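Summary of structural features
In case you want the letters, here they are:
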Amino acid sequence: MTETRQSFKVSSGEISHLGVSQIEKGINFALFSQNATSVKLCLSLPSSDVNDDDGMIELVLDPSVNKTGDTWHICVEDLPLGNVLYGYRVDGPGEWNQGHRFDSSIVLLDPYAKLVKGRSFFGDSSQKFAQFYGTYDFESSPFNWGDDYEFPNIPEKDLVIYEMNVRAFTADESSGMDPSIRGSYLGVIEKIPHLLDLGINAVELLPVFEFDELELQRRPNPRDHMINTWGYSTVNFFAPMSRYASGEGDPIKASKEFKEMVKALHSAGIEVILDVVYNHTNEADDKYPYTTSFRGIDNKIYYMLDPNNQLLNFSGCGNTLNCNHPVVMDLILDSLRHWVTEYHVDGFRFDLASVLCRETDGSPLSAPPLIRAIAKDSVLSRCKIIAEPWDCGGLYLVGKFPNWDRWAEWNGMYRDDVRRFIKGDSGMKGSFATRVSGSSDLYEVNQRKPYHSINFIIAHDGFTLRDLVTYNFKHNEANGEGGNDGCNDNHSWNCGFEGETGDSHIKSLRARQMKNFHLALMISQGTPMMLMGDEYGHTRYGNNNSYGHDTALNNFQWKELDAKKQSHFRFFSEVIKFRHSHHVLKHENFLSKGEITWHEDNWDNPESKFLAFTLHDGVSGRDIYLAFNSHDYFVKALIPLPPHGKQWFRVADTNLESPDDFVKEGVAGVAETYNVAPFSSILLESK
């Protein structure tokens, strides 16, 4: 039945698709809420220029007509096909002690909105209270991916991942770009030549779902000077961050330019992995709630609650998404499929993924339905799926993450063990050997592979590589929490002085240590991941939790890159490209005895900090010899005989200055012994 309400022709609508869809009769809106007692659809038409909720047209949904099961639905027959803003007012039981948080005074964002309109410019504090509305676009032509378009489809064993932030990559003036595209999806396209020069073949983008970068400024607090540039505070799980569009933030333009970025990266042979945050949302806690969507639509369904119906907090951010509830599970799966089918992304890294392994009451699950569903989903079958296998509730699952032989993991033990060995801690040689040879102690189970270990020394949170060798302690005073935030266990070493120094000996040692870390990472079995900026030695001056600084603290410094192009950057790039061209560094399966020889009879001595080994190339005889010296003195290494008919060539020695520290074709004349300098490493190749 069709009726007229407030000059609109409306009908009951359909429940087939949550969110907004175009059906034969018009534009259909569908919203899930099990516990709501009333729902109003709020609309703003292109001509109305609405700046607040009071100017919106409201259509009341009649539960006897516009509700099927727990889904509320309505079809509006004569709406424009685009540029309509919409939201919902939802009301229901008022008892907080029953877990409800309804508030019909707030216009709420549709959890299934595919496009979101927020403030116009990133970090514009004059718009700090801007409302988030859903919108849609049924009038634009489909995006043209091109007739010759192909997915890179890079085997997992061949990946070299570059963790980066879209905005921070090009926001700095030193990027040399027009201000309208700095910090945007299009800005990434402009800098693809740099990524190719570096040699990486996958980018892992910090969150690009719509988020509120000014959430910390909504009330006076010690962090109200900060802008959330990392984006780990999702407003909506379907819409690309609108303020990463060029010029004025626009959701339709953001969607198109995101696709242009993916298309350009794919054309360059670079895969796109998204860092996704399904463990919590932006809606905070009950003390300082920031109700924008889920909380006001059905708090009891979308969030984990304790027996007293208070919010559980396994995310450290005030709330925890109820991931294994069937409704929330469907939302997450629909979101992931949307990013794969609509935006052609190649994979996902799941932030605090142990949260996704919890029952609705927060207890750990051995076989979480959501984790299994992601692993088995046909649409997601071509995707890389990577877990950050811990959460803020103590569920540490490194090496034990439920995986169905599909899930990879950020290997936090790799990070810690490699840091400790390279800086010279006692008793770490055996652990270092285990990590660089593929962490078989963690991953050699069932059909898991070495590449299911995402090896990293540095990630977005924690020290940068340069800060890892420059600071013993975090320096987070700028974050407004009295230095109490950020991790205390950094396994860092300042090489003899805290902070920046002009001492040439210390500077040389730091440069050497950075090269040692990078070489260790790139010769390890498993999948290496490095952080944006480490290729030139970016510093955050000891801040190991810099999420709230939209400044040079986080932003890529292109002039610094230019200054390091022929030294630090050159070494980093050459090592990555060497990895790509040598299959012995990236085995499909765990190493057998015939594939590696440890030149070692001193495993049980905790004071032994020298490790040497040979990786054997049974196909071409191009063996690779590696030695890492974390002593503060020279070690005379006995070099093994090369394969028959071959000789050793020195490819890398981190103690040498550029360009001698890495010579791709190798330097002949390696003797029977090699004096490996203090805190240095070497790579020899037989040919």
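Just so it is clear, the model here is predicted, and its values are computed rather than measured. (Residues numbered from 1 in each chain as written. Predicted model: local features only at pLDDT ≥ 70, side-chain atom pairs only at ≥ 80, totals over all residues. Heavy atoms only, no water.)

Next up on the list: the nonpolar core. Membership of the largest hydrophobic core comes to 162 residues, with the highest contact counts inside it found for Phe29, Tyr162, Leu274, Phe348 and Phe350. The biggest single contributor to this core is helix H12 (residues 504-523), with nine residues. Ranked by size, the runner-up nonpolar core spans 18 residues in total, among them Ile161, Ile386, Val398 and Trp410. (Core = buried A, V, L, I, M, F, W, Y, C linked by side-chain atoms within 4.5 Å. Buried < 20%, exposed > 50% of the residue type's maximum accessible area, 1.4 Å probe, protein only. Helix = DSSP H or I, 4+ residues; strand = E, 2+ residues; numbered from the N terminus.)

Per the domain assignment, the segments making up the chain are domain 1 (10-137), domain 2 (159-585) and domain 3 (596-686). The C-alpha-based centres of domain 1 and domain 2 are spaced at 32 Å. Counting residues at the interface gives 39 residues for domain 1 and 50 residues for domain 2. For the pair domain 1 and domain 2, the summed buried surface comes to about 3,800 Å²; carbon and sulfur atoms form 59% of the total. Three residues stand out in domain 1 for area buried against domain 2, namely Arg101, Pro111 and Phe122, and they jointly supply 21% of the buried area on that side. (Domains from an automatic or database assignment. Contact = heavy atoms within 4.5 Å. Buried area = accessible area lost by both parts, 1.4 Å probe.)

Mapped onto the fold, Asp298 is located in helix H5 (residues 294-302). With no salt bridge to any partner, buried Asp298 finds its closest opposite charge in Lys300, at an N-O distance of 8.1 Å. At a separation of 2.7 Å, a polar atom in the side chain of Asp298 contacts the main-chain amide nitrogen of Gln34. Not counting residues up to four positions away in its chain, the partners in contact with Asp298 are Phe32, Ser33, Gln34 and Asn35. (Lys, Arg positive; Asp, Glu negative; His and termini not counted. Salt bridge = Lys/Arg side-chain N within 4 Å of Asp/Glu carboxyl O. Polar contact = N/O pair within 3.5 Å; in protein donor to acceptor, adjacent residues only side chain to side chain.)

Taking strand neighbours across the sheet as the criterion, the six strands line up as S20-S21-S22-S27-S24-S25 in an open arrangement whose pairing is antiparallel. One side of each edge strand has no neighbouring strand; the edge strands of this open sheet are strand S20 (596-598) and strand S25 (662-667). Pairs of neighbouring strands in the sheet enclose a mean axial angle of 15°, with direction left out of account. Summarising the sheet, strand S24 (residues 648-653) and strand S27 (residues 680-686) pair through five bridges and their orientation is antiparallel. When the bridges of S27 are listed, Ala652 appears paired with Leu683. Here H12 sits on the sheet in contact with strand S21 (610-615), strand S22 (624-629) and S27, set at roughly 45° to S27. (Pairing = 2+ DSSP bridges. Axes fitted to C-alpha atoms, helices over the stretch in contact; angles between N-to-C directions.)

Sites flagged by UniProt as "domain: Glycosyl hydrolase family 13 catalytic" (unreviewed entry) map to residues 163-579. Here residues 163-579 runs as 32% helix and 8% strand, with 18 Å between its end C-alpha atoms. (UniProt positions renumbered as here; feature names shortened; annotations may be inferred.)

As a further point, take the side chain of Asp617. Its place among the elements puts Asp617 in the loop between S21 and S22. Although Asp617 is buried, it forms no salt bridge, and the closest oppositely charged side chain is Arg622 at an N-O distance of 6.0 Å. Looking at Asp617, its side chain comes within polar contact range of the main-chain nitrogen of Val619, at 2.9 Å. Polar side-chain contacts of Asp617 include one of 2.6 Å to the side chain of Ser620. Among all residues touching Asp617, those that are not within four sequence positions of it are His583, Val584, Arg622 and Asp623.

Across all of its chains, the model carries 45 aromatic pairs by this definition. Taken together, a centroid distance of 6.2 Å and an interplanar angle of 55° make the contact between Phe348 and Phe350 tilted. The burial state of Phe348 is the same as that of Phe350; both residues are buried. Across from the ring centre of Trp410, 4.0 Å away, lies the NZ or CZ of Arg349, which sits over that ring. (Phe/Tyr/Trp six-rings, centres within 6.5 Å; stacked < 30°, edge-to-face > 60°. Lys NZ or Arg CZ within 6 Å of the ring centre and 35° of its normal.)

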